[in-house]
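# Fold and contact review
Here's the letter readout for the chains.
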Amino acid sequence: AQTVTQSQPEMSVQEAETVTLSCTYDTSESDYYLFWYKQPPSRQMILVIRQEAYKQQNATENRFSVNFQKAAKSFSLKISDSQLGDAAMYFCASLTGNQFYFGTGTSLTVIP
Amino acid sequence: DVKVTQSSRYLVKRTGEKVFLECVQDMDHENMFWYRQDPGLGLRLIYFSYDVKMKEKGDIPEGYSVSREKKERFSLILESASTNQTSMYLCASSLWTSVETQYFGPGTRLLVL
């Protein structure tokens, strides 16, 4: 089975600062997707950003961007200008074929 | 907006009971998924379905079954609930042509006593 590893169970950031969440993955496939999902407390999980493996350009969505290092199998999420509403559990995930594999999550605290 | 709903937010059941968790999506999605979420383990796929009456086992199908009689509804069944099935259960759906975009329900927190 594929694995997705998030080595930081908890992170914190000052409001308006930048934070980077780490993720590594293990796959032998050449065609796959990578994702970051956000799960706010007691709220639904939503997609933050996604990256197609065949694209070299790093995906960006407003204040969220990724650093995709394919050879290193690394997929980190950078949150710029952190806001209180960014506080959540963040999950990294990979998709190969029809199956998703999720990491164990990083709990992000935003300090006012 | 895509809406994925789950029948209960919180559920308390006794060991040995048969438990039904229901999930409904309103966007005509072909794919539907059931995950369980446990602290330190992330999300693990239990079952998924890519069409009515079709199902595939995920990583942890033991102790669970599923039913998809209608496209919009995907049910997770615990035939005989056990305490180690206490968990958060998340349903998700996606288009067949866009499987990479999953939409999640709010989750059902199940406690088995």
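Our subject is the structure that appears above.
Let us look at the structure shown here. Quick caveat: nothing in here was measured; it's all calculated off a predicted structure.

### Observations regarding a nonpolar patch on the surface
Residue and element names in this part refer to chain B.
- A surface patch of nonpolar side chains, about 260 Å² in accessible area, is lined by Val12, Leu111 and Leu113.
- With respect to the helices and strands, the residue Val12 is situated in strand S2 (residues 10–13).
- When its relative accessible area of 53% is taken as the criterion, Val12 is described as exposed.

### So, the pattern of salt bridges
Residues and elements named next belong to chain A.
- The tally for this structure, following the rule as stated, stands at eleven salt bridges over all chains.
- The salt bridge partner of Glu52 is Lys55, with a shortest N-O separation of 4.0 Å.
- Among the residues examined, Lys55 registers a relative accessible area of 39% and is labelled partly exposed.

### Comments concerning the state of the cysteines
- Under the defined criterion, the tally for this structure stands at two disulfides over all chains.
- Between Cys23 of chain A and Cys92 of chain A runs a disulfide, and the two sulfur atoms are separated by 2.0 Å. Across the S-S bond linking Cys23 of chain A and Cys92 of chain A, the dihedral sits near -70°, which makes this disulfide left-handed. Placement of the pair is Cys23 of chain A in the loop between strand S3 (19–21) and strand S4 (24–26) and Cys92 of chain A in strand S10 (residues 88–96), with a sequence separation of 69 residues.
- On the basis of relative accessibility, which here comes to 1%, the residue Cys92 of chain A falls in the buried class.
- Here Cys23 of chain B engages in a disulfide with Cys91 of chain B; their sulfurs sit 1.8 Å apart. Given an S-S torsion of about -75°, the disulfide between Cys23 of chain B and Cys91 of chain B has left-handed geometry.

### Considering the pairing of strand S9 (residues 87–95) of chain B
All names here are of chain B.
- Most of S9 sits inside the fold, with eight of its nine residues counted as buried.
- As paired strands, strand S4 (residues 31–38) and S9 are joined by seven bridges and run antiparallel to one another. Pairing of Asn31 across the sheet is with Ser94, part of S9.
- As paired strands, S9 and strand S11 (residues 108–112) are joined by three bridges and run antiparallel to one another. The residue of S11 that forms the bridge with Met88 is Arg109.
- Sheet topology note: the S9/strand S10 (residues 98–104) ladder contains three bridges and is antiparallel. For Ser93, the partnering residue across the bridge sits in S10 and is Tyr103.

Calculation rules
Position numbers for residues start from 1 in each chain and track the written sequence from start to end. The naming scheme follows written order: chains are lettered A onward, ligands numbered 1 onward. Predicted model: local features are reported for residues with pLDDT of at least 70 only, side-chain atom pairs are reported and counted for 80 or more only, and whole-chain, interface and lining totals are derived from all residues. With hydrogens and water stripped out, all remaining heavy atoms of the structure feed into the side-chain values. Like-charged residues within 9 Å of one another, or nonpolar side chains (Val, Leu, Ile, Met, Phe, Trp, Tyr) within 5 Å, are grouped into patches, provided each residue has over 30% relative accessible area and no salt bridge. Methods summary: accessible areas were calculated by the Shrake-Rupley approach with a probe of 1.4 Å, and residue burial reflects only the protein chains presented. By definition, a salt bridge exists where a carboxyl oxygen of Asp or Glu is found within 4 Å of a side-chain nitrogen of Lys or Arg. Secondary structure elements follow DSSP: runs of H or I no shorter than four residues count as helices, runs of E no shorter than two count as strands, and numbering proceeds from the N terminus. Any residue under 20% of the maximum accessible area for its type is buried, any over 50% is exposed, and the rest in between are partly exposed; the area is computed with a 1.4 Å probe on protein chains only. We call a pair of cysteine sulfur atoms a disulfide when they lie within 2.5 Å. For two strands to be treated as a pair, DSSP must find at least two bridges joining them.

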